[in-house]
Amino acid sequence: MKITKANGKSEYELIETLKKRNVETDAKILEAVSAIIQGVKEGGDEAVREYTARFDGVTPKKTVIEKEELNSYLELVDEAFKQAIINAKNNIYDFHMRQRQQSWMTTNENGVIMGQRVRGLHRVGIYVPGGTAAYPSSVLMNAIPAKIAGVKEIVMVTPPSKEGEPDPNIMATAAIAGVDKVFLCGGAQAVAALAYGTERIPKVDKIVGPGNIFVATAKKLLYGVVDIDMVAGPSEILVIADKSAKPAFLAADLMSQAEHDKMASSILLTTSESLAKATAKEIEKQIMHLERWDIIEKSLEDYGEIIVCEDLQQAIEFANELAPEHLELCVEEPLKYIGMIDNAGSVFLGNWSPEPLGDYYAGPNHVLPTSGTARFFSPLSVDSFVKKSSFIYYTQEELEKAKDDIITLAQTEGLTAHANSIKVRFEK
């Protein structure tokens with residue numbers, strides 16, 4: 001990895017380089033996805049079947065797996081895997097239970113009643129990639145907060161295997177997470193089916209979950225027809241380390257994100273030049289033993305960097321500017337700095353809290369804002385699956401007290417019908 005010294009300029013040029021990863025979607029992809037969406041909107045299930053056969057090269061042996069059948073997959077998976085999923089589910093459930101909000105109502109002495117009703121969405125769709133990119137952990141992270149929010153029905157779409165079968169690990173995880181129904185289809189056609197509904201696949205209120213560029217583009221184009229979680233960019237990790245950090249740990253953590261994608265970004269900020277050099281050597285040593293070494297190598301070459309900072313304050317300022325998806329604080333007193341981190345998707349404190357702990361197990365959600373959007377977006381949460389509505393009750397006496405102010409404001413805005421709605425109630 002390239003090692004540079006922070007000078008107030010070069011490190012910020014790196015941010016501009018990273019931004020270039022998020023170029024506008026290729027016109028050919030936009031055209032192809034738009035055609036698929038229109039095809040599914042008009043052709044329903046038959047269009048979904050045709051696109052599945054064309055893009056996945058297979059027609060699924062069955063198109064839907066009901067809740068009862070999902071439970072049968074629990075007997076088909078490795079026992080250690082099943083127990084790991086159950087343990088992770090318990091942690092994720094416990095964390096997200098603390099995010100629940102209650103409806104509320106206030107009653108004043110003058111008889112005015114106001115409040116807010118909080119309730120879960122009616123139906124949510126979860127997209128889960130298939131093939132080599134099958135991630136059971138994403139099933140947990142998307143389904144559990146939806147269940148806690150009170151979503152009435154959770155449906156999942158996932159591509160079939162080359163044999164036309166569902167992935168047993170994905171199915172077992174869906175059963176554990178409380179998914180109600182699974183449809184074996186993927187790609188932009190699955191997203192369109194969830195957005196518009198077909199004869200078989202029900203229309204949903206929101207679509208969540210990761211996918212390739214075609215899935216991401218479909219979600220982006222259909223936002224407004226349906227709600228979505230976010231349009232995620234390449235994965236990112238930023239590590240801030242002082243001399244107390246261990247080079248072997250830092251190298252491993254940087255590569256844990258680089259293996260996702262050649263476009264992934266892994267950056268180390270450290271106050272120690274010797275630690276920077278030792279970490280670079282550790283990367284060379286460890287990468288030889290990793291299966292996805294070619295992806296890691298390309299990612300680190302193009303979007304990885306080790307930057308030596310004057311002090312931790314300089315490192316934190318850069319971190320807030322970058323607003324990374326994942327931020328590790330591998331320093332002596334990590335809790336001392338947590339209040340200074342304003343822009344990050346998820347923060348990992350200390351040398352024993354590596355990023356994969358959050359990806360799989362600890363409890364906080366791993367669906368996080370990328371590409372600097374942590375400046376204004378939050379991780380997926382229970383809030384992502386609820387809607388809120390307010391209510392107002394006024395008595396005649398209290399409306400009469402307020403009428404002149406309301407009429408004045410309405411007339412100032414030129415909305416005389418608004419003003420009349422108040423006036424008419426007090427005409428004699």
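Right above here is the structure, for reference.
Now for a quick tour of the structure. Throughout, residues of each chain are indexed from 1 in the direction in which the sequence is written. This being a predicted model, a pLDDT of at least 70 is required before a residue's local features are given, and a value of 80 or more before pairs of side-chain atoms are given or counted; all residues contribute to the totals for chains, interfaces and linings. Side-chain metrics rest on all non-hydrogen atoms present in the structure, leaving aside hydrogens and water.

1. Some thoughts on the environment of glycine 44
For the record, the criterion: Helix and strand assignments follow DSSP, with helices taken as H or I runs no shorter than four residues and strands as E runs no shorter than two, numbered in order from the N terminus. Per-residue accessibility, obtained with a 1.4 Å probe over protein chains only, is compared with the maximum for each type, and a residue is labelled buried under 20%, exposed over 50%, and partly exposed between these values. Whether two residues are in contact is decided by their heavy atoms: any pair within 4.5 Å suffices.
Position of glycine 44 relative to the elements: it lies in helix α2 (residues 27-56). The buried category is assigned to glycine 44, whose relative accessible area is 8%. Each C-alpha atom, one on glycine 44 and one on lysine 28, is 23 Å from the other, the two residues being 16 residues apart in sequence. Leaving out residues up to four positions away in the same chain, glycine 44 has contacts with Gly39, Thr198 and Glu199.

2. Quick look at a nonpolar patch on the surface
Heads up, the condition is: Residues forming no salt bridge and having over 30% relative accessible area are the ones grouped into patches, like charges within 9 Å of each other and nonpolar side chains (Val, Leu, Ile, Met, Phe, Trp, Tyr) within 5 Å. All accessible-area figures derive from a Shrake-Rupley calculation using a 1.4 Å probe, and residue coverage is judged against the displayed protein chains alone. Between Lys or Arg on one side and Asp or Glu on the other, a salt bridge is scored when a side-chain nitrogen of the former is within 4 Å of a carboxyl oxygen of the latter.
On the surface, a cluster of nonpolar side chains totalling about 300 Å² of accessible area is made up of Met114, Ile392 and Tyr394. Residue placement: tyrosine 394 occurs in the loop between β15 (386-393) and α14 (396-412).

3. Comments concerning the side chain of serine 346
Inspection of the secondary structure assignment puts serine 346 in strand β14 (residues 346-349). With sequence-adjacent residues up to four places away left out, serine 346 is seen in contact with Glu325, His326, Leu327 and Leu368.

4. Description of the sheet that holds strand β10 (residues 236-241)
The condition is simple: For two strands to count as paired, DSSP must find a minimum of two bridges between them. Here the axes come from fitting lines to C-alpha atoms, over the contacting stretch only for helices, and the angles between their N-to-C directions go from 0 to 180 degrees.
Taken in spatial order, the six strands make up an open sheet running β1-β12-β11-β10-β13-β14, and their pairing is parallel. Edge positions in the sheet fall to β1 (3-5) and β14, since each has one partner strand and no second. Across the sheet, the mean angle from the axis of one strand to that of its neighbour is 20°, orientation sign disregarded. Sheet topology note: the strand β11 (residues 265-270)/strand β12 (residues 304-308) ladder contains five bridges and is parallel. The residue bridging leucine 269 from the neighbouring strand is isoleucine 307, located in β12. Strands in contact with helix α10 (residues 273-287) are β1, β10, β11 and β12; relative to β12, the strand with the most contacts, it is inclined by about 160°.

5. Notes on the packing of helix α4 (residues 79-97) against helix α6 (residues 168-177)
Selection rule: Handedness of a crossing is defined here by the sense of rotation of the near helix relative to the far one, left-handed for an anticlockwise turn of less than a right angle and right-handed for a clockwise turn. Classification used: nonpolar for Ala, Val, Leu, Ile, Met, Phe, Trp, Tyr, Cys and Pro, charged for Asp, Glu, Lys and Arg, polar for all others including Gly.
Axis separation between α4 and α6 bottoms out at 10 Å; the angle between their running directions is 35°. Between α4 and α6 lies a crossing whose hand is right-handed. The segment α4 lies against α6, with Phe81, Lys82, Ile85, Ile86 and Lys89 engaging Asn169, Thr173 and Ile176. Along the lines of polarity and charge, the residues of the contact of α4 with α6 split into four nonpolar, two polar and two charged.

6. Here we look at the pairing of β10
What counts here: The crossover handedness rule: strands pointing away from the viewer, path from first strand over the helix to second strand clockwise, crossover right-handed.
Burial within β10 is extensive, with six of its six residues counted as buried. Residues Glu236, Leu238 and Ile240 point to one face of β10 and Ile237, Val239 and Ala241 to the other, with burial holding for every one of them. Relative to β11, β10 is paired through six bridges, and the arrangement is parallel. Counterpart to glutamate 236 in the pairing with β11 is serine 265. Each parallel crossover has a hand, and for β10 linked through helix α9 (residues 247-258) to β11 it is right-handed. Where β10 lies against strand β13 (residues 326-330), five bridges are found, and the strand directions are parallel. Directly across from isoleucine 237, in β13, lies its bridge partner histidine 326.

7. Describing the sheet that holds strand β3 (residues 104-107)
With antiparallel pairing, the three strands of this open sheet are ordered in space as β3-β4-β15. Every interior strand has two partners, whereas the edge strands, β3 and β15, have only one. Along the sheet, successive strands turn relative to each other by an average axial angle of 15°, direction set aside. Of the pairings in the sheet, the one linking β3 to strand β4 (residues 113-120) comprises four bridges and is antiparallel in character. Of the residues in β4, the one forming a bridge with threonine 106 is methionine 114.

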